Amino acid sequence: MLNNLPFIVVVILMALGLYALLFKRNLIKIVMGIHVLGSGVDLFLIELGYRTGGIAPIFTMAPRLEMVLPTPQALTLTSIVINLAVVALMLSFIILIYQHYGSIDSKKRRLKG
Amino acid sequence: MILLEHVPLLLIAIPLLTAFATPVLGKVNSFLRNFWIITALISTELMGIWLGHDVLKNGIRVYTLGAKLPGLTSPVGFPIRIILEVDAMNAFIAMIVISIALISFIYCMRFMEWSRNLDKFYTLLLLLLTGMMGLTLTGDFFNMFVFFEIVSISSAGLIAFYVHRGEALEAAFKYMVISSIGALMVLFAVGLLYAQYNLLNMAAIADSIQNSFVDKVVVALLLSAFLLKAGSVPVHMWKPDVYGEAPVPVVVLLITSSLVSLFILFRITFTVFGLIIDTALLGWILAVLGILSIFLGVTMALIQSNLKRLIGYSAIAEIGYVLLGLGSGLIGFPSLSEFGVKAISGGIFHIMNDALDLSLLFLVVGTIIHITGKRDMNQLGGLARHQPSLALLFLIGMSAISGLPPFNGFASKLMIYESVYRFNPFLTIVGVLGSIVMLAIFVKVFVVTFLGIPRRKDIKEVPESMLAMMGILALFIIVIGLFPNLFVDNLITPACQALIHPEKYVEAVL
Amino acid sequence: MNEMSKIVRTVACVLIIPGIVFGLYVILHGHLTPGGGFQGGAVIATIPALFIIAYGEKSRRILNRDIPSLVESLALLTFISLAFLGLSATFFRNFLVNGGFIFGKAIRFGINPGYLNTGGLIPLLNLVVGLEVSAALSLIILIMYFGSKKEVLKDAK
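Worth saying up front: this structure is predicted, and the values here are computed from it rather than measured.

Enquirer: Honestly, the overall build of chain C in this entry has me stumped. Any pointers?
Expert: Of regular secondary structure, chain C possesses five helices and zero strands. Going residue by residue from the N terminus, the α and β elements of chain C occur as α-α-α-α-α. A buried classification covers 39% of the 157 residues belonging to chain C. Across chain C, the fraction of contacts at a sequence separation of at least 24, relative to all contacts at a separation of at least 6, is 64%.

Shown next, in the form of structure tokens:
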């Protein structure tokens, strides 16, 4: 049970993200939903690479040689950077939409989805 | 020559280099910038053609980044490494992408002449091209995710290019939400695959795959993500908005990007999971989605008056034909009958024709908007009197897209109909009906827009370069329509064989 | 946003140097420790944010959009050119490693005390990425802050 705790957190995060994405009307909350979903996936990737008793995969002054897998961490880093770009882009769209219509409510316009 | 062995990579790297050089050169001089972009794209085009020729002659090419051999320095298993793998199918799609991109860039030079912020526009456009080339040529799942996101981000930026239009912003936001959900699905699927096999390479995964429950989840996730991007029926809602609002050269590249994602879809279903999953079920799902796309595309196109939205809906229907062909081919996979092979080649052939026809129609409509400033067809009329060449080009495009005999749409649709009829006559009937309704719609558009009394006097002239680019597309359409066998034998059949023989794809890497 | 008190403004000015130094530290140790171009660049990009908070509307005079955007494109251009330089063997070939120059000494696999002059091309790439990311993130902050005021702008990326 305790070993599976991170995976349960992943499921909770993804469920929360999907909930925000599907049922919230505020555009900023939709973006938050996407980011939470993305964080869930990132946590899942990180968790994949964990080995019991492993240390961070750095050779500099390492106390021992059992290390966690570095590959999922590299993947996660890439996906964090991409997520950052996506969120920045969407927030700037929201700024412009707000300037244009004076509202960030998705129901007011045909902006579902 | 040393450069030739790097061609698969240069196809991605040269647009990338050009994209980053564009803002710097644009500060110097806009003519220099345009010259540089066109030169780079023409050289990329030549390399693409050379690569296609080479792959057809010498077989699959594998390019490894960072080391000479794909499997080098691995204590256990296959190393995580970026690999580009080009077989006949990849090379075929890459040639389509780069040719359409070249045409739309040259068209762009005059079309966007008076816009602000052109440096950034070209940077994004080139990044979009880079993403598409990467998606086409990559042989690695995580790499695919990265290129998927490059395509999403850059195209969202381009869709919102007309920032003063609120609808464009909304369309871009919608597109971005949908494609980032798709990208997260891809990432999750990649994570699941990595968890099971410790591998990220497509060929290596295809080699070591077992039919576990998690694999089915992975297939479902990847399938829905790429259908989202391709804009087939249950998730088509972004398409008309985006195609209606984006600048026309961007729309042409977006059509190509949705065809590229269809290609990735088939690469995944045939090559990676083809031998283990229940292909009959999957094939039926794809064929039914194709039928629904055709039905919905043409019915919704009937009631549109905005020209770009109308063609956007017919683009959904065209995606439906490709799905129909390849889906019914997938039903019998891997023990394919002759008709299965024919359905698959028809689908692949239709990818090419689709790109040509839709691009031509969109470019003609873009020119109409450019010279009149109106995008609603009820405000237009009698354009044939001012612009007979434009009317002729539109006529060619619409006949090709609705599958009239001497044009290319007929050749590929006939292949699809013939073979799908053997699986299920009902599917064919819906397909034929869809084509007929589409013809009716486009006849209506043609009559309203080009015939009748001219309503407006202030019509600008069409720049020659734009006309020339549309002429080239029309030429291709006619040539393919007149000599379909030439293209089917030399391009489509090798591509189809590459798709239905996954074991060769696997062997080339391992 | 109005400018904040004199204490905050002075401290913001003082923090420029430690901020940049710490960012450069993270960037230059990128090949040895967690960190590298992206993280260090993000550290450097906090400085414009700090300035905007401290000085409010006044910072418009100091912070210019053109310089980060030029730095960004030049850094990206350098990055891709460095990748092209290794093309004699393969793209992104680490052609500096074992070359014996400042970056050129490769070390054995295993635990080591962390020599800085290893890694070949990687520190250079890290440096360029750090420049790129700091410029791009500052640009995003600037555009979002000033863009939300009144100007209609195209997005940074």
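Now that the structure has been shown, the text picks up again.
Enquirer: What should I look at first to understand the overall build of chain A in this one?
Expert: The helix and strand inventory of chain A stands at three helices and zero strands. For chain A, the α and β elements follow one another from N to C terminus as α-α-α. By residue count, 30% of the 113 residues in chain A fall in the buried class.

Enquirer: Would you take a moment to explain the environment of Gly52(B) for this structure?
Expert: Residue and element names in this part refer to chain B. Following the sequence through the fold, Gly52 ends up in helix α3 (residues 30-58). Note on Gly52: 23 C-beta atoms within 10 Å, which makes it buried. For the pair Gly52 and Asn424, spaced 372 residues apart in sequence, the C-alpha separation works out to 35 Å. Discounting residues that sit within four places of it in the chain, Gly52 has contacts with Ala91, Phe92 and Met95.

Enquirer: Teacher, can you tell me more about the pairing of strand β2 (residues 83-86) of chain B here?
Expert: All names here are of chain B. Here β2 shows no split at all, with Ile83 and Glu85 on one side and Leu84 and Val86 on the other all buried. As defined by bridge partners, strand β1 (residues 61-64) adjoins β2 across four bridges and the pair is classed as antiparallel. Directly across from Arg61, in β2, lies its bridge partner Val86.

Enquirer: So what exactly am I meant to see when it comes to the interface of chain A and chain B here?
Expert: The parts lose accessible area when they come together, and the size of an interface is often stated as this lost area. Taken together, the contact between chain A and chain B spans 26 residues of the former and 26 residues of the latter. Of all elements in the fold, only α2 (27-48) and α3 (70-101) of chain A reach the threshold of two or more residues within the side of chain A that touches chain B. Among the elements that take part in the side of chain A that touches chain B, α3(A) stands out by supplying 15 residues, more than any other.

Enquirer: I would appreciate a short explanation of the nonpolar core in the present structure.
Expert: Nonpolar side chains in soluble globular proteins generally cluster together in the buried interior. Residue and element names in this part refer to chain B. By size, the foremost hydrophobic cluster in this structure holds 266 residues, and its most contacted members are Ile159 and Ala172. Element by element, the count of residues in this core is highest for helix α7 (residues 166-197), at 20 residues. Once residues within four sequence positions are removed from consideration, Ile159 is found in contact with Ala168, Ala171, Ala172, Tyr175, Val242, Glu245, Ala246 and Val250.

Enquirer: Help me understand the packing of helix α14 (residues 338-372) of chain B against helix α19 (residues 464-482) of chain B in this model?
Expert: For any two helices packed against each other, one specifies the inter-axial angle together with the distance between the axes. Residues and elements named next belong to chain B. With their axes 10 Å apart at the nearest point, α14 and α19 run at an angle of 150° to one another. In terms of orientation, α14 and α19 fall into the roughly antiparallel class. The way α14 lies across α19 gives a crossing that is left-handed. The residues of α19 that touch α14, namely those facing Asn353, Leu356, Asp357, Ser359, Leu360, Leu363, Val364 and Thr367, are Met466, Met469, Met470, Leu473, Ala474, Phe476, Ile477 and Ile480. Residue composition of the contact of α14 with α19, grouped by class: twelve nonpolar, three polar and one charged.

Enquirer: So what exactly am I meant to see when it comes to the packing of helix α5 (residues 118-137) of chain B against helix α6 (residues 141-159) of chain B here?
Expert: Residues and elements named next belong to chain B. At a minimum axis distance of 8 Å, the contact between α5 and α6 shows a crossing angle of 155°. With respect to their mutual orientation, α5 and α6 come out roughly antiparallel. The handedness of the crossing between α5 and α6 comes out as left-handed. Of the residues in α6, those touching α5 at Leu124, Leu125, Leu127, Leu128, Thr130, Gly131, Met132, Gly134 and Leu135 are Asn143, Met144, Phe147, Phe148, Ile150, Val151, Ser154, Ser155, Gly157 and Leu158. Residue composition of the contact of α5 with α6, by class: twelve nonpolar, seven polar and no charged.

Enquirer: Sorry if this is basic, but what is going on with unusual backbone geometry here?
Expert: If a residue is not glycine, its phi is most likely negative; likewise, a peptide bond is most likely trans. Despite not being glycine, Asn198(B) has its phi angle at roughly 60°, a positive value. On the secondary structure map, Asn198(B) appears in the loop between α7 and α8 (202-208).

Enquirer: How should I be thinking about helix α20 (residues 484-500) of chain B in this particular structure?
Expert: For an α-helix, the turn length of 3.6 residues means that residues three or four places apart are oriented alike. Along its length, α20(B) reaches its greatest deviation from straightness, about 40°, at Ile492(B), and the proline Pro494(B) lies no more than four positions downstream. Looking at the buried side of α20(B), the elements it contacts are α4 (88-111), α11 (248-272) and α14 of chain B.

Parameters at a glance
- Residues numbered from 1 in each chain as written.
- Chains lettered and ligands numbered in written order.
- Predicted model: local features only at pLDDT ≥ 70, side-chain atom pairs only at ≥ 80, totals over all residues.
- Helix = DSSP H or I, 4+ residues; strand = E, 2+ residues; numbered from the N terminus.
- Buried ≥ 20, exposed ≤ 12 C-beta atoms within 10 Å, placed from the backbone.
- Contact = placed C-beta atoms within 7 Å.
- Pairing = 2+ DSSP bridges.
- Core = buried A, V, L, I, M, F, W, Y, C linked by C-beta atoms within 7 Å.
- Axes fitted to C-alpha atoms, helices over the stretch in contact; angles between N-to-C directions.
- Parallel < 35°, antiparallel > 145°, perpendicular 65-115°, else oblique.
- Left-handed = near helix turned anticlockwise from the far one by under 90°.
- Nonpolar A, V, L, I, M, F, W, Y, C, P; charged D, E, K, R; others polar.
- Bend = angle between axes of the 7 residues up to and from the residue.

Read these as layout, nothing more, since geometry by itself doesn't imply function.
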